[in-house]
Amino acid sequence: MDLITEIKERAQAPTPPFFQVLKRLGLMIAAIGLGVLTAPGELPEILMTYAGHALTAGTILVSICQLTVDESRLEEKLLNSVK
């Protein structure tokens, strides 16, 4: 199977509940980091550094959680689509 096709299928497959919570957490972390980075005015350099790290970590967390597949719900979805 082609790698790109597999990534597309995994991204569209159901995500387990635990990873849905982690995904929301990652979105919040990334949003906070982006908010600090785009804030008007002068901010301390250390805060800008941590904001960049938060944005990166949040984005990676969301990406990993999105590609995690709930096998039982996927099988159920596939069986329902065949009927």
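Remember, predicted model here, so these are calculated numbers, not experimental data. (Residues numbered from 1 in each chain as written. Predicted model: local features only at pLDDT ≥ 70, side-chain atom pairs only at ≥ 80, totals over all residues. Heavy atoms only, no water.)

A. Here's a closer look at the overall build of the protein chain. Along the protein chain, the regular secondary structure elements total four helices and zero strands. When the elements of the protein chain are put in sequence order from the N terminus, they spell out α-α-α-α. For 83 residues, the compact-globule estimate of 2.2 N^0.38 gives 12 Å, and the C-alpha radius of gyration of the protein chain, at 17 Å, exceeds that figure by more than 25%. With respect to the three principal axes, the spread of C-alpha positions in the protein chain is 60 × 25 × 15 Å. The 83 residues of the protein chain split such that 17% are buried. Contacts spanning at least 24 positions in sequence make up 77% of the contacts within the protein chain whose residues lie at least 6 apart. Counting only carbon and sulfur atoms, one obtains 68% of the accessible surface of the protein chain, whose full area is about 6,200 Å². Computed over 7 positive and 9 negative side-chain charges, the inter-centroid distance for the protein chain is 9 Å. (Helix = DSSP H or I, 4+ residues; strand = E, 2+ residues; numbered from the N terminus. Rg over C-alpha atoms; globule rule 2.2 N^0.38 Å. Buried < 20%, exposed > 50% of the residue type's maximum accessible area, 1.4 Å probe, protein only. Contact = heavy atoms within 4.5 Å. Areas by Shrake-Rupley, 256 points an atom, 1.4 Å probe, with all protein chains shown as cover. Lys, Arg positive; Asp, Glu negative; His and termini not counted. Charge placed at Lys NZ, Arg CZ, Asp CG, Glu CD.)

B. Expanded view of the environment of Lys23. Note that Lys23 resides in helix H2 (residues 17–37). When its relative accessible area of 24% is taken as the criterion, Lys23 is described as partly exposed. As for Lys23 and Ala51, which are separated by 28 residues in sequence, their C-alpha atoms are 18 Å apart. Setting aside residues no more than four positions away along its own chain, Lys23 makes contact with Val62, Cys65 and Gln66.

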